[in-house]
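# Structural description and commentary
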Number of protein chains: 6
Amino acid sequence: MAQRTALIVSAHSADFVWRAGGAIALHAKRGIAATVICLSYGERGESAKLWRQDGMTPDRVKSERRKEAEGAARALGVSDIQFWDLGDYPIALPDEALFRLADVYRALHPSFVLTHSKEDPYNHDHPLVSEFTQHARIVAQAHGHKPGEKVLGAPPVFLFEPHQPEQCRWMPNVLLDITAVWEKKREAIECMAGQEHLWDYYTRVAQQRGVQASRNSDKKITYGEAYEAVFPHVVEDLVP
Amino acid sequence: MAQRTALIVSAHSADFVWRAGGAIALHAKRGIAATVICLSYGERGESAKLWRQDGMTPDRVKSERRKEAEGAARALGVSDIQFWDLGDYPIALPDEALFRLADVYRALHPSFVLTHSKEDPYNHDHPLVSEFTQHARIVAQAHGHKPGEKVLGAPPVFLFEPHQPEQCRWMPNVLLDITAVWEKKREAIECMAGQEHLWDYYTRVAQQRGVQASRNSDKKITYGEAYEAVFPHVVEDLVP
Amino acid sequence: MAQRTALIVSAHSADFVWRAGGAIALHAKRGIAATVICLSYGERGESAKLWRQDGMTPDRVKSERRKEAEGAARALGVSDIQFWDLGDYPIALPDEALFRLADVYRALHPSFVLTHSKEDPYNHDHPLVSEFTQHARIVAQAHGHKPGEKVLGAPPVFLFEPHQPEQCRWMPNVLLDITAVWEKKREAIECMAGQEHLWDYYTRVAQQRGVQASRNSDKKITYGEAYEAVFPHVVEDLVP
Amino acid sequence: MAQRTALIVSAHSADFVWRAGGAIALHAKRGIAATVICLSYGERGESAKLWRQDGMTPDRVKSERRKEAEGAARALGVSDIQFWDLGDYPIALPDEALFRLADVYRALHPSFVLTHSKEDPYNHDHPLVSEFTQHARIVAQAHGHKPGEKVLGAPPVFLFEPHQPEQCRWMPNVLLDITAVWEKKREAIECMAGQEHLWDYYTRVAQQRGVQASRNSDKKITYGEAYEAVFPHVVEDLVP
Amino acid sequence: MAQRTALIVSAHSADFVWRAGGAIALHAKRGIAATVICLSYGERGESAKLWRQDGMTPDRVKSERRKEAEGAARALGVSDIQFWDLGDYPIALPDEALFRLADVYRALHPSFVLTHSKEDPYNHDHPLVSEFTQHARIVAQAHGHKPGEKVLGAPPVFLFEPHQPEQCRWMPNVLLDITAVWEKKREAIECMAGQEHLWDYYTRVAQQRGVQASRNSDKKITYGEAYEAVFPHVVEDLVP
Amino acid sequence: MAQRTALIVSAHSADFVWRAGGAIALHAKRGIAATVICLSYGERGESAKLWRQDGMTPDRVKSERRKEAEGAARALGVSDIQFWDLGDYPIALPDEALFRLADVYRALHPSFVLTHSKEDPYNHDHPLVSEFTQHARIVAQAHGHKPGEKVLGAPPVFLFEPHQPEQCRWMPNVLLDITAVWEKKREAIECMAGQEHLWDYYTRVAQQRGVQASRNSDKKITYGEAYEAVFPHVVEDLVP
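Residues numbered from 1 in each chain as written. Chains lettered and ligands numbered in written order. Predicted model: local features only at pLDDT ≥ 70, side-chain atom pairs only at ≥ 80, totals over all residues. Heavy atoms only, no water.

Chain A appears in an unreviewed UniProt entry as 4-oxalomesaconate hydratase from Mesorhizobium tianshanense.

### Some thoughts on the overall build of chain A
Across its full length, chain A holds 7 helices and 8 strands. In summary, chain A has a C-alpha radius of gyration of 17 Å against a globular reference of 18 Å for 240 residues, a match within 12%. Here the C-alpha coordinates of chain A stretch approximately 60 × 50 × 35 Å along the principal axes. For chain A, buried positions account for 67% of its 240 residues. Pairs at least 24 residues apart make up 77% of the contacts formed inside chain A by residues separated by at least 6 positions. (Helix = DSSP H or I, 4+ residues; strand = E, 2+ residues; numbered from the N terminus. Rg over C-alpha atoms; globule rule 2.2 N^0.38 Å. Buried < 20%, exposed > 50% of the residue type's maximum accessible area, 1.4 Å probe, protein only. Contact = heavy atoms within 4.5 Å.)

### Topic: the sheet that holds strand S4 (residues 112–115) of chain F
Ordered by their spatial adjacency, 8 strands build an open sheet running S8(E)-S6(F)-S7(F)-S5(F)-S4(F)-S1(F)-S2(F)-S3(F), and the pairing between neighbours is mixed. Each of the sheet's edge strands pairs with one partner strand only, and the pair in question is strand S8 (233–235) of chain E together with strand S3 (80–83) of chain F. Going from strand to strand, the sheet's axes swing by 25° on average, the running direction of each strand aside. (Pairing = 2+ DSSP bridges. Axes fitted to C-alpha atoms, helices over the stretch in contact; angles between N-to-C directions.)

### Comments concerning the pairing of strand S5 (residues 157–160) of chain D
All names here are of chain D. Every second residue of S5 is oriented toward a common face, with Val157 and Leu159 on one face and Phe158 and Phe160 on the other, all of them buried. Pairing analysis gives 3 bridges linking S5 to strand S7 (residues 224–229), with the strands arranged antiparallel. Residue phenylalanine 158 lies in a different strand from S7, and its bridge partner there is alanine 229.

### Quick notes on the relation of the copies chain D and chain A
The two copies are related by a screw motion: chain D maps onto chain A through a turn of 120° and a shift of 0.0 Å along the axis, at an RMSD of 0.0 Å. Interpreted geometrically, this transformation is the action of a three-fold axis. No C-alpha of chain D approaches the rotation axis more nearly than that of Glu119(D), which lies at 8.1 Å. (Least-squares fit on C-alpha atoms with pLDDT ≥ 70 in both.)

### Focus on the interface of chain D and chain A
With 13 residues of chain D at the contact, the number on the chain A side is 15 residues. Buried area between chain D and chain A, both sides added, is near 1300 Å², and the carbon and sulfur share of it is 64%. Put simply, chain D and chain A have 0 salt bridges between them. Run the count over chain D and chain A and you get 5 residue pairs in polar contact (both at pLDDT 80 or more). For the side of chain D that touches chain A, the class distribution of residues is 6 nonpolar, 4 polar and 3 charged. (Buried area = accessible area lost by both parts, 1.4 Å probe. Salt bridge = Lys/Arg side-chain N within 4 Å of Asp/Glu carboxyl O. Polar contact = N/O pair within 3.5 Å; in protein donor to acceptor, adjacent residues only side chain to side chain. Nonpolar A, V, L, I, M, F, W, Y, C, P; charged D, E, K, R; others polar.)

### What about the relation of the copies chain A and chain B?
Here chain A sits on chain B after a turn of 180° about the axis and a move of 0.0 Å along it, with an RMSD of 0.0 Å. On this basis, the relationship between the two copies can be described by a two-fold rotation axis. Counting the interface residues of chain A, we find that 100% of their copies in chain B are interface residues as well, pointing to one common contact surface.

### Re helix H7 (residues 199–215) of chain A
Taking 1.5 Å of rise per residue, 17 residues should cover 24 Å, and H7(A) covers 25 Å from first to last C-alpha, within 8% of that figure. With 13 of its 17 residues buried, H7(A) lies for the most part within the structure. (Expected span 1.5 Å × (residues − 1).)

### Looking at the packing of aromatic side chains
Here the structure, examined in full by the defined rule, presents 42 aromatic pairs over all chains. For the ring pair Trp182(C) and Tyr223(C), a centre distance of 4.4 Å and an interplane angle of 5° mean the geometry is stacked. Taken as a pair, Trp182(C) in helix H6 (residues 182–190) and Tyr223(C) in the loop between helix H7 (199–215) and strand S7 (224–229) lie far apart in primary sequence, 41 residues in all. In this structure, Trp182(C) and Tyr223(C) share a single accessibility class: buried. Centroid distance Phe158(E) to Tyr227(E): 6.4 Å. Interplanar angle 70°. Geometry classified as edge-to-face. On the criterion of sequence distance, the pair formed by Phe158(E) in strand S5 (residues 157–160) and Tyr227(E) in strand S7 (residues 224–229) is long-range, its members being 69 residues apart. (Phe/Tyr/Trp six-rings, centres within 6.5 Å; stacked < 30°, edge-to-face > 60°.)

### A short note on the pattern of salt bridges
On inspection of all chains with the given rule, the structure shows 90 salt bridges over all chains. Between Lys185(D) and Glu225(D) there is a salt bridge; the shortest N-O distance is 2.6 Å. Here Lys185(D), found in helix H6 (residues 182–190), pairs with Glu225(D), found in strand S7; they are 40 residues apart in sequence, far enough to count as distant. No difference in accessibility class separates Lys185(D) from Glu225(D), as the two residues are buried. Where salt bridges share partners, they join Glu161(A), Arg209(A) and Glu166(E) into one cluster.

### Digging into unusual backbone geometry
The omega torsion of the bond from Tyr89(B) to Pro90(B) falls at 5°, within 30 degrees of zero and hence cis. The backbone of Tyr89(D) sits at a positive phi, close to 50°, despite the residue not being glycine. Note on placement: Tyr89(D) falls in the loop between strand S3 (80–83) and helix H4 (95–108). Judged by its relative accessible area of 7%, Tyr89(D) falls in the buried class. If you check the backbone angles, Lys146(F) has positive phi at about 50° while not being a glycine. For Lys146(F), the location among the structural elements is in the loop between helix H5 (125–141) and strand S5 (157–160). Relative accessible area serves as the criterion here: at 36%, Lys146(F) is assigned to the partly exposed category.

### Details of the confidence of the model for chain A
On average, residues of chain A carry a pLDDT of 97, and 100% of them reach 70 or more. Taken together, the chains of this predicted complex give a pTM of 0.97 and an interface ipTM of 0.96. (pLDDT = per-residue confidence, 0-100.)

### Quick look at the packing of helix H4 (residues 95–108) of chain B against helix H5 (residues 125–141) of chain B
Each pair of packed helices gets described by two things: the angle between the helix axes and the distance between those axes. Residues and elements named next belong to chain B. Where H4 contacts H5, the two axes come as close as 8 Å, and the packing angle between them is 60°. Remark: the crossing between H4 and H5 carries right-handed chirality. Taking contact as the criterion, the partners of Ala97, Leu98, Phe99, Leu101, Ala102, Tyr105 and Arg106 in H4 are, on H5, Phe132, Thr133, His135, Ala136, Arg137, Val139 and Ala140. A per-class count over the contact of H4 with H5 returns 10 nonpolar, 2 polar and 2 charged. (Left-handed = near helix turned anticlockwise from the far one by under 90°.)

This is the structure we're talking about:
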């Protein structure tokens, strides 16, 4: 049987950690190889602490951010992490990048896809990346795109939790139990030295989603991650 | 292991057939016993053909409707069908009925619950029954309701497809493959002699939802049923 | 050919004037007879000016309000105005009133129905009346309700403009040109002596909706009334 | 009197058939000339069956698609069909195309406009074309665009039914009776040899919308097409 | 100058603590006297821990719950706490209670009102209480209700945070800085011995809302409470 | 203390007058200096009357529009008005303009920001400008954008009232009392000689919003302006 995979598209190099670290580690444990695409380093807009250091340059910020992300990826068991360095605030997403991502879809045939929410009044890059990721998925489904290649099927897409969820009109309709891999996610979080102020914020997010996951099931769940599914779930039965 | 069960709450005695017949037959096949509560016979509002017969009376309508529903229930493999005869157009849902339904929840501890959509500008009873069914679920979860009994957990609730889905602002976010039991559902549909004009309508609904289920998965699905999940799915992984 | 009719259901005795006076006068001119049901006089909640008079009593308020409404009805060419005196703030809408309104539907077979918006955070009676009016329509459609009578068809329902439209999440999707009958509407408005502070407010509403109607067509329209259609328009062509 | 016209803007060369074939044929019968703009052939993303043939090339796909669309246009009585060949998956909509479409608006002064839904998570081109079509309409209304020409008025815009309507948050608020021209629409549908799997799907769509149109009126309607009106209806009366 | 007041309407006797404890303590500190109405004790549905004790009875649960709420009220500086004992799961809200609450509005003329969210699929009492509280406000505004009394003005209404905010479609559009009174809120929370599992959950809620309040201002805020304003803010300027 | 400022971003050179003239004059009176950026003159799409004059050219339209806007700015007490001449119908908003606007944010550190609504089916430029204005705000908040400069904080953004508010799904949740400066706003309005048909329309808008502001407060307000706040209000108390 072919290697099963997951595709995570992260606008900036830290997003996949806060927002999808649990899902990555959980599926890695089950043999599903995660490919993480960091479209930019977030060097302009998400590196405040680094910029407060003397003599900082864009290249040094990128290099620090890359190291952090690679450390986190290791902690989570990511199979492949790619840095496309497309800039941020604003991110640039030309057709060339679109087709490159379509190629990744075709190469992986991922079992599922994770990316950003559709709206975010605090962040201009995140919704662009959400649309871009879904657009590339559609291109990869087109029979006339690089005819002869095996076209992409219909992998589900889950949108990860934004920083201020209600303001982004994001609706969590999937709650994932990440209790078993929480230690790994926290370890990955602690790799993000430049954004230490978020460590506890996202730990509390995991705790709140854990409590909510318990309330929506009959299970004991301590840590959770929430997602918004874009497409209907196609199921064989209705038993949870 | 205890018998697994499902609870279906139907405003009128035919609703469970058109809207959830596939789910009932499918789970019956897998040993999950369905209890169907027909809160009314739909004798006033959903029996036009019967009322066109000479000398029709409310009691004869009810009796005909009951026979049809029992026939359909047999075709689908329903374990228990109950007729509460609460009237229709409008339906009456007093607290006594609420507590009776809470008792059913406590007796069954169903794995999932099916009922009507939250809105329906064409039907006043359906949204009332949706709210009533969810309300009884909450009462059954209360530790102070009949203390000493085992309280209900958190079974998921799925809202079945209304007659004109968009007008009801109902969003199908779960598509169930019912291809394997389609023949049973069609057989049950054909038990509804009084509403023959709906047979083909709901057959086409099943075909359209089947096509859509295929498009949202990589599976070949011919017949489907669509549902709107009320609560987030609590999951162990994101692989479909 | 049978007399064509329209049914207007007004929570309080002045609502039909501000909100639907133009539609009533316009259709009256074309031979469509309007029946206006004033479910209450609005004696408690919409008669501030009267209550500021010395020695005012509920009966005197009702009597004044009735006189005003009858004057307005005459100005608009209303065929039949009924006062059901069901109280206000809160209005009482028992099943007896529901069946009485269903009888009106069956007696009139109206070409269209006008009533209040579905939401109104400033007014508790209006949304109740909206639901009540639509509920009675559904009862009148039921073959088992007073079998033998001709059942109601599917007259469109239009929701009239609330006082603060956006706050009521009311969406004007029909703009009616009332320029030809504006004088009559203004005359009717001026019958409402107890709410003189609203005369100019609703004149401006008519002017704004007139400008908007012009902008959404290629016509010169000076005064308009806006409505939210509840059901889809069933049409023979798409030419406006 | 000037020739009355309609403008249909179709992202790919088959969309106008499935989604608006009935409206086109119906108005053609009444002397309203339809101009159909096929912005692309859908050669990459909507020609799976053709790409399964040996030795297929983009040009051959386009040529086949064009032949199919021309055949369908003949069956429907389209007056003018144009192929702008702007590519698909993704479609390219530069300002030059925008002004070209504005010119079409100015040349035709259409009585109404048909195009795609505002959202579609399954198709990236459709929402772009919807926005593009509405944008060009606004440019054609600008007095400073090619001053001296007669500016466009305010033709209504109707959005046609997407493949999975609820997922596109598309709300059908206009139901058009196409029973009288159904045979022509089916004939046009059968011209689309490359998408035979959709023939019955869209036949069932027409049947379901027909039943719904009957339910929302007092007419016998067998086949229907559903649309979402973008702007309020400006009307002279409220009688359906 | 008259004593300024605030009115908090709590479905169950603990709700005001988790959801509005900070607002109460903060305004108390500034001399605004809070009246808290606990419509029920939450004895059936929100006292799981108490019901697990041997020999528990409804009266003992109520008595325990009352003691806890009184302790919390003291910690927060509540001026008046009332227990109306209307039952829960389901709560009973007859007209008598409605007029009693209208009397409270008239007696207090509160500067603002706090109550529950409009929707809550996990709790049937909360939305009922939200509607009830707003309904009583409207009755208290009616000049014909107890004529001669000074009618209520237009105090703003803020809806407090439900347990699972997104699922309740509740939108936090007001963030209140409660850092200065956090210790009092935590002390009040710790009075709720029967729901110790919620202590840390609501501490984390306060921390998350604090971080968000900082992000939406240029202030350092550690603890926050979020509210949804029902009505537009009427302001003298736009400077925050 | 530094000069306090406000930033108003207007798609066309007249928008700031109709939509925000009151806010500008009111804050000017209080010493808050308004900078108005007119991104275009609206020379193509919003100058119908000028284009009806013989021999009109784009440059003459721009020059007239500029004079009008400068006159209005003087009447309102605007501190700085800039004309960026970016074209209209469609407006062009390249990255260069984005960074220029980010520079304005950094130079002003405005107390609040005013711009257009997020949607407008009648106007393609307005929503683009809304997104552009918010995007530039986010860029100005980025520490890596021109490192060394003081980054922007979190000024609130208010969206001003579009021409047909409900059709733009714009929700007025802030009502500003502009009674004290109404004369100035009317004077500014009368500077817009090219759009005289809008003078009374926007006067009536101010009157309606004034009445609504009164109804939502206990104040006497004659003229108002309505806004939609994008972000939650961060407050120190809940007293209006």
